[in-house]
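Secondary and tertiary structure notes
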Amino acid sequence: MADQTHVLFVEDDDVIREATQLALERVGFAVTAMPDGLSGLEAFRADRPDIALLDVMVPGLDGVSLCRRIRDESTVPVIMLSARADSIDVVLGLEAGADDYVTKPFDGAVLVARIRAVLRRFGHASGGDRAETPGEDDGGVLTFGDLQVDTEGMEVRRGGQPVALTPTEMRLLLEFSSAPGTVLSRDKLLERVWDYGWGGDTRVVDVHVQRLRTKIGQDRIETVRGFGYKLKA
């Protein structure tokens, strides 16, 4: 059906791939399931799915490399799947451009909830209603030094040059820019940006903050040790 959310699922374990595909299709997703990274990349380019689920350890082209290739071409949301919660692969996946990750073995209902959470925030990248903020002009543009954030047009410029952000990075920047100078804890950012109604891994926040810093300036977001982060006004 045309209105179905299309999921690309790349997993080399036949049992996990087939069971997960059935679980996702049961709740209404359309799923393209591939056993390796190269076929996954071909399917991504051919089908342009709404979201990609990538296992870290797949043959041919590993999940991290596949994520990087997808991110070079698209801002489509990506969730990494990893068998080890403490693995460096988790951080590598996030640094490659993934928006979230789920640890295997996972409960099907949890995976569906995480997919829907990612899709919700990609469907409305703005931060919702805000009070008037100092530094904002009539066009909805917030200015912080050489950084300009257009909260209506969802565009960012640094030194007059456009900055390309993923929807997750944009939502993160909107949270910071709506309260410049205010420390936002990692847990609060997980709740507001990642839509977590439960505890999550704060590494997701840390890696995205670092990715955001590389795009808007390393000194623009300050780390407040023991508390969180804040945007310098």
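Small disclaimer: the values here were computed from a predicted structure and weren't measured. (Residues numbered from 1 in each chain as written. Predicted model: local features only at pLDDT ≥ 70, side-chain atom pairs only at ≥ 80, totals over all residues. Heavy atoms only, no water.)

Description of helix H4 (residues 88-95)
Within H4, the full set of buried residues consists of Asp89, Val90, Val91, Gly93 and Leu94. Tucked into the core, H4 has its buried residues touching helix H3 (63-73), strand E4 (78-82), strand E5 (100-103) and helix H8 (203-216). Of the residues one or two after H4, Gly97 is the one with positive phi, at around 120 degrees. (Buried < 20%, exposed > 50% of the residue type's maximum accessible area, 1.4 Å probe, protein only. Helix = DSSP H or I, 4+ residues; strand = E, 2+ residues; numbered from the N terminus. Contact = heavy atoms within 4.5 Å.)

Observations regarding unusual backbone geometry
In this chain, Lys104 is followed by Pro105 through a cis amide linkage whose omega measures -5 degrees. As for its placement among the helices and strands, Pro105 is situated in the loop between E5 and helix H5 (108-123). Notably, Arg48 is not glycine yet its phi reads approximately 45 degrees, a positive angle. Counting through the fold element by element, Arg48 comes out in the loop between helix H2 (37-47) and strand E3 (51-55).

Section: the sheet that holds E5
Here we have 5 strands laid out as an open sheet, ordered E2-E1-E3-E4-E5, and parallel in their pairing. Pairing within the sheet leaves two strands with one partner each, and these edge strands are strand E2 (30-34) and E5. Each strand axis lies, on average, 20 degrees off the axis of its neighbour in the sheet, ignoring direction. Bridge analysis of strand E1 (residues 6-10) against E3 gives 4 bridges, and the strand direction is parallel. Bridging from a neighbouring strand, Phe9 pairs with Leu53 of E3. Most of the contacts of H2 go to E1, to which it runs at about 165 degrees, and overall it touches E1 and E2. Lying on the sheet, H5 is in contact with E3, E4 and E5; it crosses E5 at an angle near 175 degrees. (Pairing = 2+ DSSP bridges. Axes fitted to C-alpha atoms, helices over the stretch in contact; angles between N-to-C directions.)

As for the pairing of strand E8 (residues 155-158)
For strand E7 (residues 147-150) and E8, the ladder comprises 4 bridges, and the chain directions are antiparallel. Each bridged residue has a counterpart across the sheet, and for Asp150 the counterpart in E8 is Glu155. Across 3 bridges, E8 lies against strand E9 (residues 161-163) in antiparallel orientation. Paired with Arg157 across the strands is Pro162, a residue of E9.

Here we look at the nonpolar core
Membership of the largest hydrophobic core comes to 50 residues, with the highest contact counts inside it found for Leu54, Met80, Val149 and Phe176. By residue number, the principal contributor to this core is H8, which donates 6 residues. Counting residues in hydrophobic clusters, the runner-up holds 15 residues, among them Phe29, Ile51, Leu81 and Val118. (Core = buried A, V, L, I, M, F, W, Y, C linked by side-chain atoms within 4.5 Å.)

Quick word on the sheet that holds E7
Pairing in this open sheet of 4 strands is antiparallel, and the strands run E6-E7-E8-E9 from one edge to the other. One side of each edge strand has no neighbouring strand; the edge strands of this open sheet are strand E6 (141-144) and E9. Averaged over all pairs of adjacent strands, the angle between their axes in this sheet comes to 25 degrees, without regard to strand direction. Two strands pair when backbone bridges link them, and E6 and E7 are joined in this way by 4 bridges, in the antiparallel orientation. Each residue of the ladder has a partner; that of Val141, found in E7, is Asp150. Those strands touched by helix H6 (residues 167-177) are E6, E7 and E8, and its axis lies near 105 degrees from that of E7.

Quick look at the confidence of the model for the chain
Overall, the prediction assigns the chain a mean pLDDT of 87, with 89% of residues at 70 or greater. Note on residues 124-138: pLDDT is under 50 here. Beyond four places in sequence and across chains, it has 21 contacts. (pLDDT = per-residue confidence, 0-100.)

Brief notes about the side chain of Ser74
Within the element layout of this structure, Ser74 appears in the loop between H3 and E4. A distance of 2.9 Å separates a polar atom in the side chain of Ser74 from the backbone nitrogen of Val76. Non-local contacts of Ser74, meaning those with residues more than four positions away in its chain, are made with Phe44 and Arg48. (Polar contact = N/O pair within 3.5 Å; in protein donor to acceptor, adjacent residues only side chain to side chain.)

Focus on the packing of H2 against H3
One way to put it is that H2 packs onto H3 with a least axis distance of 10 Å and a crossing angle of 20 degrees. Compared by their axis directions, H2 and H3 come out roughly parallel. In terms of crossing hand, the pair formed by H2 and H3 is right-handed. Counting all contacts with H2, which are made through Gly37, Gly40, Leu41, Phe44 and Arg45, the residues of H3 involved are Leu66, Arg69, Ile70 and Glu73. Classifying every residue of the contact of H2 with H3 gives 4 nonpolar, 2 polar and 3 charged. (Parallel < 35°, antiparallel > 145°, perpendicular 65-115°, else oblique. Left-handed = near helix turned anticlockwise from the far one by under 90°. Nonpolar A, V, L, I, M, F, W, Y, C, P; charged D, E, K, R; others polar.)

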